[in-house]
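Examination of the molecular architecture
Here is how the chains run, residue by residue.
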Amino acid sequence: MGLFDWARRSSSARNAKAATRETRVQQSPAPGPALSEEDQVRRGIDLLGAGKFLQACDAFRAALALNPRSAANNVNLAYALQQIDAETDALPHLRKAVLLDPQSFDAQYMLGAALERVPDLPGAAKHFSEAVALRPDFETARADLCRVLALGGDTVAARAAIVAATELNPDSADFHYYLGNLCMAEKSALAAVESYSRALALKPDYAQVHANMGLALVEQGKLDQAIGSFERAVAIEPSSCEFHTKLGLAFKAQRRFGEAAQTLQRALGLDPDNAEVHNELGIVLTEQGLPDQAVDRFRKAIALRPELPGAYANLGLALYERGDVAKAITVYCQGLAIKPLAETHDNLAIALQKQGAVDEAIEHFQMALELRPENLNTRCNLAAALYDAGRPQEAIAAYREILRLRPEHLIAHSNLLCNLSVDENISPEDYLAEARRFNAKLTQQPLQPVVSRPDETRRLRIGFVSGDLRIHPVGFFLEGILQHIDTSRLELFAYSTTPKEDELTARIKPRFARWQVLKGLSDEAAARVIRADGVDILLDLAGHTGDNRLAVFGFRPAPVQISWLGFFASTGVSAIDYLFADDACVPPGCDSCFTERVWRLPQTRMCYTPPSDADAPEVSELPALKRGHITFGCFQRLPKLTDAVLDLWGRVFEAMPNARLLMQSHQTGRPIFTEQILARLAAVGISAERVTIRGPAIRNAYLQSYSEVDIVLDTFPYTGGTTTCEALWMGVPTVTLTGASMIARQGDALLGAAGLQDWVAQDPAEYVRKAVAFGTNVAELALLRASMRKRIQATPLFDVRLFARRLEDALASIWREHLSQAPRDAAAPL
């Protein structure tokens, strides 16, 4: 739909008919064997009045045959032909009429209208101009001239014509309306509002002006006022699909997706075959987290207009959102075959990246930028793909460039912080300074002060904000803890930032008193939902990782807010009060690296939920006993494999010439990355014949891969988390190198909590020594493997029951401390 409409107030054909009749004899001819030209004209006019258009054409043709040089006869025949939709036949007669009689208003005016329909806007403007010169008082012709000049893009001539028309007809709402439209075309929404206001002062029930006024207000960011204008247009013309649609789109712009969906549904009730409205409704349903319904709408839009390329990008996104990634890719390719749109390339790239095809994703992001180089969101997506492809410094540089161009780009800034938190080249002080710059961009507008209920014995309401309440590392760590939370002490509330759910979601969902999807809600609206639930302590489980909603915390929806589990550095968000850590990952004396107050949980900040018996194979015998050599393993993502990591691996393999390496990750199924890794390994002395590389696998098959590995070599400074725990459960220990940051100490913390502190190296040389020493003591390694699962079950890292009690105690202690400091003044409820 266009930005605004140059609605015609009258029909050119109808006006021509009236003008033509004014010059004709109004009585029927007497019967006779042969009719004169005048008789044929009278007969044609009568037949027109009776609605017998084909016979009228015959009569006017007969008149024209009798007098071929009559401009009036050509005009009348043209008009009759238009009534039977024979526009192509009518046009030559109008051209001839103008040639025969340039002073014929009817001929000039009707030719202008006919050329507009061709469309030939310059030609239409020329003949409307001639008509206006012949009859300066004929307002409709002047209005038509103004309209076609504007539609033709000749804003200079259009402005001159419209201003002249307004001066001649100051009490005409139409010309003030047209002047407003011209101002909109000139990107002057403020001036447009002034002209629309004058039009409405003259004609308050002018529905189209109310609608266009709404568009001008949207351009100024005055969405509340715009919605009021659209609502008035709808009230005046409730049968207008266009007005309902514009109102729905304004609700959508305000992220009032429920009202937007209802309004667009009403629009479709008025025009069920409107492909654009089906498409817009699909977008709203996607934002509401209703991908199945959205898919139906997009498919309907495509069925109605197969050439509607934007619908393919939207359909693919809805399919992607419900997990049909392969189908989404197919749809995107169909859309690109119709028209290469930037958003389709962008969405296709995201889907390809999801499937591990990062190299192809990067190509499509680049193609999207060739079409729309100014799109910073695509640049942001490209940066994420570069990081995923193991090019972290390029990704960081790309994020910084986005922030240079648009400092307020929160997603880019959050992604930058996620990358910097694991970057060995940045100091803790520099990271914290960047995190504080992020915080300065957040809306720091707390909702009404929270009334802290002083009863320390009541059940606390604990909220969790996360997009990873599913099969994901966060879900794996959280699942067992939730199963053992004492619901007589804590009432749990889940605020999922995405609608994505799976079998893990189904298992944990019953543990929550309320499950609310925040997708589709603005940050303030999401905060109000949490506030209305009366949550006492709100935990963020994402930090600066994907699908985070850190901006919600800026509104302080809960009295106490805590960062935990899914991130490994300071969020920088001043509204987040605490960060859960432990002594190993944040040693005493390191608290200054965080804007949050560090609250250390006993022994470990997280506890892993072991895989179910169905997902976890039995621990195998040590592979080295049969193979005669040690097999090291790594199951980490490519960005973690820095040059420093590979350099140490090279030193290990140099000391152990018979050792082998097994690698597997989501990305290693791609030939391009396999080639890159083999080349990098060869550069440090690990030849290709010593390396086995496998692609991604389902969880059971992935866990089974540990039966072929004797020892895991950890990455650094981005150490393993989930992979370390999974390896331990499968009987495989990890050699890790501790560091200075929270993420660099994660391996240290996990192995310490599992009772394997001996496997933690304090420096690179010790990393090499430990890997070689453990790898050459096969008998001891075999005994450790055989006893590993039973041994670690009772450790703090896997004892979910113990961890749940400790988490409950920590939350209760924090709440008591809050109550001791919080003002007891009552505040007005929301």
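Residues numbered from 1 in each chain as written. Predicted model: local features only at pLDDT ≥ 70, side-chain atom pairs only at ≥ 80, totals over all residues. Heavy atoms only, no water.

**Side note on the overall build of the protein**
The helix and strand tally for the protein stands at 38 helices and 13 strands. By the compact-globule yardstick of 28 Å for 830 residues, the protein is too spread out, its C-alpha radius of gyration being 36 Å. Its C-alpha atoms give the protein principal-axis dimensions of roughly 125 × 70 × 45 Å. Burial statistics for the protein: of 830 residues in total, 56% are counted as buried. For the protein, restricting intrachain contacts to residue pairs at least 6 apart in sequence, the fraction spanning at least 24 positions comes to 64%. Element-wise, carbon and sulfur atoms account for 51% of the exposed surface of the protein, whose accessible area totals about 34,100 Å². Put simply, the protein has 88 plus and 100 minus side-chain charges, and the middle of one group is 2 Å from the middle of the other. (Helix = DSSP H or I, 4+ residues; strand = E, 2+ residues; numbered from the N terminus. Rg over C-alpha atoms; globule rule 2.2 N^0.38 Å. Buried < 20%, exposed > 50% of the residue type's maximum accessible area, 1.4 Å probe, protein only. Contact = heavy atoms within 4.5 Å. Areas by Shrake-Rupley, 256 points an atom, 1.4 Å probe, with all protein chains shown as cover. Lys, Arg positive; Asp, Glu negative; His and termini not counted. Charge placed at Lys NZ, Arg CZ, Asp CG, Glu CD.)

**Let's talk about the sheet that holds strand β8 (residues 631-634)**
Within the open sheet, the 6 strands sit side by side as β10-β9-β8-β11-β12-β13. Their pairing is parallel. Each edge of the open sheet is held by one strand with a lone partner, namely β10 (691-694) and β13 (760-761). Pairing of strand β12 (residues 734-737) with β13, which is carried by 2 bridges, proceeds in the parallel orientation. Opposite T736, over in β13, you have V760 as the bridge partner. Here helix α35 (residues 746-753) sits on the sheet in contact with β12 and β13, set at roughly 135 degrees to β12. Contacts from helix α36 (residues 764-776) reach β8, β11 (711-713), β12 and β13 within the one sheet, and its direction differs from that of β12 by about 170 degrees. (Pairing = 2+ DSSP bridges. Axes fitted to C-alpha atoms, helices over the stretch in contact; angles between N-to-C directions.)

**Notes on unusual backbone geometry**
With an omega dihedral of 0 degrees, the bond running from V118 to P119 counts as a cis peptide bond. Cis geometry is adopted by the peptide bond preceding P717, which originates at F716 and carries an omega value of 0 degrees. Its location among the elements puts P717 in the loop between β11 and α34 (722-729). One non-glycine residue, R255, lies in the positive phi region at around 60 degrees.

**Description of the side chain of T609**
Topologically, T609 is positioned in the loop between β7 (597-600) and α30 (623-627). Judged by its relative accessible area of 11%, T609 falls in the buried class. A polar side-chain atom of T609 sits 2.8 Å from the main-chain carbonyl oxygen of F476. For T609, the side chain forms a polar contact with the main-chain nitrogen of G480, separated by 2.6 Å. Non-local contacts of T609, meaning those with residues more than four positions away in its chain, are made with F476, F477, L478, E479, G480, I481 and V800. (Polar contact = N/O pair within 3.5 Å; in protein donor to acceptor, adjacent residues only side chain to side chain.)

**Some points on the pattern of salt bridges**
Under the defined criterion, the tally for this structure stands at 44 salt bridges. A salt bridge links R372 to E374, with the shortest nitrogen-to-oxygen separation between them at 3.9 Å. With relative accessibility at 33%, the residue R372 sits in the partly exposed group. The salt bridge involving E817 is made with R597; its shortest N-O contact spans 2.1 Å. Taken together, the positions of E817 in helix α38 (residues 800-821) and R597 in strand β7 put the pair 220 residues apart, joining distant regions of the chain. Within the structure, one salt-bridge network assembled from shared partners comprises R489, R805, E808 and D809. (Salt bridge = Lys/Arg side-chain N within 4 Å of Asp/Glu carboxyl O.)

**Overview of the packing of aromatic side chains**
Evaluation of the coordinates by the stated rule reveals 23 aromatic pairs. Between F635 and Y702, the ring centres sit 5.7 Å apart and the planes meet at 80 degrees, which makes this aromatic pair edge-to-face. Of this pair, F635 sits in the loop between β8 and α31 (643-655) while Y702 is found in helix α33 (residues 699-704), placing the two residues 67 residues apart along the sequence. You can call F635 buried: its relative accessible area is 7%. The exposure class of Y702 is buried, given its relative accessible area of 13%. Consider the rings of W759 and F774, whose centres lie 3.6 Å apart with planes at 10 degrees: the pair is stacked. Here the residue W759 occupies a position in the loop between α35 and β13, and F774 occupies one in helix α36, the gap between them amounting to 15 residues. Since its relative accessible area comes to 23%, F774 is described here as partly exposed. An aromatic cluster of at least three residues, connected via ring pairs, comprises F105, Y109, F128 and F138. Taking the ring centre of Y206 as reference, the NZ or CZ of K203 above it sits at 4.9 Å. Directly above the aromatic system of Y718 lies the positively charged group of K640, at a separation of 4.2 Å from the ring centroid. (Phe/Tyr/Trp six-rings, centres within 6.5 Å; stacked < 30°, edge-to-face > 60°. Lys NZ or Arg CZ within 6 Å of the ring centre and 35° of its normal.)

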